[in-house]
Amino acid sequence: MRNKLREQVVISGVGCSRFGNLLETPEIKGMSIQELTASAVKEALDDAGLTGQDVDAVFAGNAMVHSSQVPGTYSQLSKWTGTQFKAGVHFEAQCSTTNVGAAMAAMAIAAGVYDTVLVYGLETTRTKVKGHSPYEREPISHQQTWLWTDMAVNQAYGVPQGYDIFSTYNGLVALGYCRKHGISIEDFDRGMFEVCRTRRLHGSMNPKANIQEKLEDRAARDGFGDPFGYWQSEEHNPFVAWPSRLLSLVTTADGASAMVITRADLAKGGRSRPVELKGFGVSYSDLPWYGEDPTFWEFDKRAIDAAFDMAGITAADIGYLHTHDCSHISGICTAETIGYLEAGKGLDAAREGRLRFDGDRPMSTHGGRHAFGHAWGASAGTDTYEAVLQMRGQAGPRQIPKVPDISVIHTHGYAMIGTVIVLGSL
Amino acid sequence: MQNTTERTGAIAGYYEGLAAGLFRAIVCKSCGSHTFPPTGCCEHCGSWDVEPVELSGDATLLFATHNISPACHPRFEKIAPYVYGHLRLKEGPIVQAIILGVDATPGDLQRLFERGPVPAKAETLQMDDLPVLAFRISN
Ligand SMILES: [Zn+2]
């Protein structure tokens, strides 16, 4: 394949809702899924200085239709977003949805078909439609969330025979990492504590994050002077797949995100500073996601190589990185595969504070899947949203001091589609 | 002429095999590799020229962790938390499955981890509504 974009493509507008629970979280409490999505779309269109009538096509992403119940999303959302009569499609790539949408938009624009595409994603993983009500919602049970979510995982042989995300994505990867690099379980636990502490710090500085409380403050609330004591307590942070603990995992959320993608020459003189979409790579795999070495995922490597080739970058060029971190240890492994972190040294880097917004290897400054939260089909767009803010110098208290020129965003669409996009300053 | 004889699909055939203590796969006539559990196509080279084969059930357990309780799937609520492992089969495929012969406690799993890779043997674990693949290790 030629792996080239024939025209320069940019992200000219981004938007993102508060992540949380439509039944509880102040900024989004009482919103319908239509209004939640429209809020993210409005922010992105305003950012680009456009209305819904200025775009040529709409790619509407939603993965878990069981809880959202808005298939045919393009038309059901069209009057809420001002996009009547546009070209459009409802699509999903699970937790990579919105960034796969960005790649599809870039292809459509570079092919000369559309000038401007609106991509949005919406998801509710905390709440679902109550009965047949057009506006009332109710909580989703833990088991129901995973039964629906795991429909994206091998339904012939995987899920029916005892697969679960905790073992395969966390515990087995953790053990592979420890054995490969000669890391003790104790050192692993300390490193994972530091990764969580960093992500929670970032969440505490992000008014859109699901969890905005630092790990230290959470621990103090339960009487722990030493936050590592809280970390190690069976009551507050049990093993979900030994040696991986609960607080190294994703937190679920309702949320929406959006972006406007257009030709570089059309974005000139626009309302906000555009960011170039320099390249992307996509590669998928069924279970098992790895061979003998649980720390190396072939499909990720292929997606990384394709994206870097299209963008013409190397790991040394990266100023900001987000890797998919539903599982914190998997996210560290991916950063090492990319070459942003030294192999086997990712947890040391966390302990040294290097992964913080003000460290020399900043990662997931929005808080990642744990603190920012995870609304499957909407989340990749929030990763892109954060990267664009950082590259414009608009990230407020969590701004990376050396404004990144190149950002790389990696996501895992369950289960699995490795997706990498490369953003560059113009 | 299309063969219209009724036949068992690959998925049903796999679980019926498990019920009889057989571990059904396919082997590729083009590249010689195994696809397990079976589909109708070689997962390595994409060839459709494949034939059924039974695997030995001999394996090496590389890593073992546990799931959560209550289990994500109601089928496994009764046995959760259970041990879940990463294995290499003698014939080549990498498999993840329920592990029998070790308890789902941090202490037991740490001792197992420190032993390194250990031999394991496939067996059928009969759940209420489905026979599933499991591997047993010995102390
Ligand atoms: Zn083959």
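Rules used in this analysis
- Residues numbered from 1 in each chain as written.
- Chains lettered and ligands numbered in written order.
- Predicted model: local features only at pLDDT ≥ 70, side-chain atom pairs only at ≥ 80, totals over all residues.
- Heavy atoms only, no water.
- Domains from an automatic or database assignment.
- Contact = heavy atoms within 4.5 Å.
- Buried area = accessible area lost by both parts, 1.4 Å probe.
- Salt bridge = Lys/Arg side-chain N within 4 Å of Asp/Glu carboxyl O.
- Polar contact = N/O pair within 3.5 Å; in protein donor to acceptor, adjacent residues only side chain to side chain.
- Helix = DSSP H or I, 4+ residues; strand = E, 2+ residues; numbered from the N terminus.
- Buried < 20%, exposed > 50% of the residue type's maximum accessible area, 1.4 Å probe, protein only.
- Expected span 1.5 Å × (residues − 1).
- Pairing = 2+ DSSP bridges.
- Axes fitted to C-alpha atoms, helices over the stretch in contact; angles between N-to-C directions.
- Donors = N, O, S within 2.8 Å, 3.2 Å for Na, K, Ca; no water.
- Tetrahedral: all angles 85-135°; square planar, octahedral: opposite > 155°, others 65-115°.
- Parallel < 35°, antiparallel > 145°, perpendicular 65-115°, else oblique.
- Nonpolar A, V, L, I, M, F, W, Y, C, P; charged D, E, K, R; others polar.
- Left-handed = near helix turned anticlockwise from the far one by under 90°.
- Core = buried A, V, L, I, M, F, W, Y, C linked by side-chain atoms within 4.5 Å.

J.: It is not clear to me how the domain arrangement of chain B should be interpreted in this structure. Could you clarify?
T.: Think of interface size as the accessible area that goes away when the parts come together; that is how it is often given. Residues and elements named next belong to chain B. Domain parsing of chain B yields domain 1 (4–54) and domain 2 (58–137). Each of domain 1 and domain 2 has a C-alpha centre, and these two points are 23 Å apart. If you look at the interface, domain 1 gives eight residues, while domain 2 gives eleven residues. Roughly 800 Å² of surface becomes buried between domain 1 and domain 2 when both sides are summed, with 75% attributable to carbon and sulfur atoms. The largest per-residue losses of area from domain 1 upon contact with domain 2 belong to L18, F23 and F36, which jointly make up 56% of the total buried on that side. Taken together, the links from domain 1 to domain 2 amount to zero salt bridges. On inspection of domain 1 and its partner domain 2, the count reaches two residue pairs in polar contact (both at pLDDT 80 or more).

J.: Explain the pattern of salt bridges to me, please; I cannot follow it from the model alone.
T.: Close approach of charged atoms allows side chains with opposite charge to pair. Scanning the model with the defined rule gives 32 salt bridges over all chains in all. Among the charged side chains, a network of salt bridges with common partners joins E7, D115, R263 and D265 of chain A.

J.: Got a minute to help me understand the interface of chain A and chain B in this structure?
T.: Counting residues at the interface gives 33 residues for chain A, matched by 38 residues for chain B. Here chain A meets chain B over a buried area of about 3,100 Å², counting both sides, of which 61% is carbon and sulfur. The interface formed by chain A and chain B includes one salt bridge. Where E292 of chain A meets R88 of chain B, a salt bridge forms, and the shortest distance between an N and an O atom there is 2.6 Å. Across the contact surface, chain A and chain B share 18 residue pairs in polar contact (both at pLDDT 80 or more). If you list the elements that add at least two residues to the side of chain A that touches chain B, you get helix 6 (142–149), helix 7 (165–181), helix 8 (185–204) and strand 7 (239–241) of chain A. Broken down by element, the side of chain A that touches chain B gets its largest block of residues, nine residues, from helix 7 of chain A.

J.: I tried to follow the environment of C178 of chain A on my own but got confused; where do I start?
T.: Its location among the elements puts C178 of chain A in helix 7. Under the relative-accessibility criterion, C178 of chain A is labelled buried at 2%. Considered as a pair, C178 of chain A and G344 of chain A are 166 residues apart in the sequence and their alpha carbons are 8.6 Å apart. Dropping the residues within four chain positions of it, C178 of chain A is found in contact with I183, S184, I185 and F188 of chain A together with F113 of chain B.

J.: How do you make sense of helix 16 (residues 376–392) of chain A when you look at a structure like this?
T.: Residues and elements named next belong to chain A. The end-to-end C-alpha distance of helix 16 is 26 Å, a good match for the 24 Å that 17 residues give at a rise of 1.5 Å each. Within helix 16, 17 of the 17 residues are buried, leaving the element largely enclosed by the surrounding structure. Looking one or two residues beyond helix 16, the residue adopting positive phi is G393, at roughly 75°.

J.: Could you clarify how one ought to interpret the sheet that holds strand 8 (residues 131–136) of chain B in this entry?
T.: Sheet strands pair by backbone hydrogen bonding; their relative direction is either parallel or antiparallel. Ordered in space as 4-5-6-8-7 (chain B), the five strands form a closed barrel in which the pairing is mixed. Neighbour to neighbour, the strand axes of the sheet diverge by 50° on average, direction disregarded. Inspection of the sheet shows strand 4 (residues 58–66) of chain B paired to strand 7 (residues 118–126) of chain B by four bridges, in the antiparallel sense. Within strand 7 of chain B, the position partnered with T60 of chain B by the bridge is P119 of chain B. The sheet contacts of helix 7 of chain A involve strand 4, strand 5 (83–89) and strand 6 (94–100) of chain B, and relative to strand 4 of chain B the element is tilted by about 105°. Against the sheet, helix 2 (residues 106–115) of chain B makes contact with strand 4, strand 5 and strand 7 of chain B, and its axis sits at roughly 140° relative to strand 4 of chain B, the strand it touches most.

J.: Explain helix 5 (residues 97–110) of chain A to me, please; I cannot follow it from the model alone.
T.: Owing to its 3.6 residues per turn, the α-helix aligns residues three or four sequence positions apart on the same side. Residue and element names in this part refer to chain A. The end-to-end C-alpha distance of helix 5, which contains 14 residues, comes to 20 Å, matching closely the 20 Å that a straight helix rising 1.5 Å per residue would cover. Burial runs high along helix 5: twelve of the 14 residues are buried. Regarding helix 5, the residues found buried are T97, T98, N99, V100, G101, A102, A103, A105, A106, A108, I109 and A110. Just past helix 5, the residue G112 takes up positive phi, approximately 90°.

J.: Help me out: how do you make sense of the coordination of the zinc ion in this one?
T.: Six octahedral donors at a metal ideally form angles of 90 or 180 degrees, and four tetrahedral donors ideally form angles of 109.5 degrees. Residues and elements named next belong to chain B. Within the protein, the zinc ion binds to C28 (SG), C31 (SG), C42 (SG) and C45 (SG); these donor distances fall in the range 2.3 Å. Bound by four donor atoms, the zinc ion shows angles of 104 to 118° at the metal and therefore tetrahedral coordination geometry. Residue classification places C28 among the buried residues on the basis of a relative accessible area of 4%. Assessed through its relative accessible area of 42%, C45 is described here as partly exposed.

J.: How do you make sense of the packing of helix 5 of chain A against helix 16 of chain A when you look at a structure like this?
T.: Packed helix pairs are specified by the crossing angle of their axes together with the interaxial distance, meaning the distance between the axes. All names here are of chain A. Two elements in contact, helix 5 and helix 16, have axes separated by 5 Å at closest approach and are oriented at 70°. Classified by the interaxial angle, the pair formed by helix 5 and helix 16 is roughly perpendicular. In this structure, helix 5 uses T97, T98 and N99 to contact helix 16, whose residues at the interface are G377, A378, S379, A380, G381 and T384. Broken down by class, the residue content of the contact of helix 5 with helix 16 amounts to two nonpolar, seven polar and no charged.

J.: What is the right way to read the sheet that holds strand 2 (residues 34–35) of chain B from this model?
T.: Residue and element names in this part refer to chain B. Strand order across the open sheet formed by three strands is 2-1-3, with antiparallel pairing between neighbours. Two strands lie at the open edges of the sheet, namely strand 2 and strand 3 (50–55), each paired on one side alone. Sheet topology places strand 1 (residues 23–28) next to strand 2; two bridges connect them, and they run antiparallel. Residue pairing in the sheet places I26 in a bridge with T35 of strand 2.

J.: Would you take a moment to explain the packing of helix 7 of chain A against helix 13 (residues 328–338) of chain A for this structure?
T.: Residue and element names in this part refer to chain A. Axis separation between helix 7 and helix 13 bottoms out at 8 Å; the angle between their running directions is 50°. Comparing their axes, helix 13 and helix 7 come out oblique. Seen from above, helix 7 lies across helix 13 with left-handed handedness. Between helix 7 and helix 13, the residues in contact are Y169, N170, V173, A174, Y177 and H181 and H328, I329, S330, I332, C333 and E336, respectively. Taken together, the residues that form the contact of helix 7 with helix 13 break down as seven nonpolar, four polar and one charged.

J.: Sorry if this is basic, but what is going on with the nonpolar core here?
T.: As a rule of thumb, nonpolar side chains are buried together in soluble globular proteins. Within the largest apolar cluster, 115 residues are counted, with the highest numbers of intra-cluster contacts made by W289, F308 and Y414 of chain A together with L133 and F135 of chain B. Residue assignment places this core across two domains, with domain 1 (4–54) and domain 2 (58–137) of chain B each supplying three or more. Look past the residues within four positions of L133 of chain B in its chain and what remains in contact with it is Q161 of chain A together with Y14, L18, F23, F36, V95, A97, I98, A122 and E123 of chain B. Counting residues in hydrophobic clusters, the runner-up holds 38 residues, among them V14, F19, V275 and A387 of chain A.

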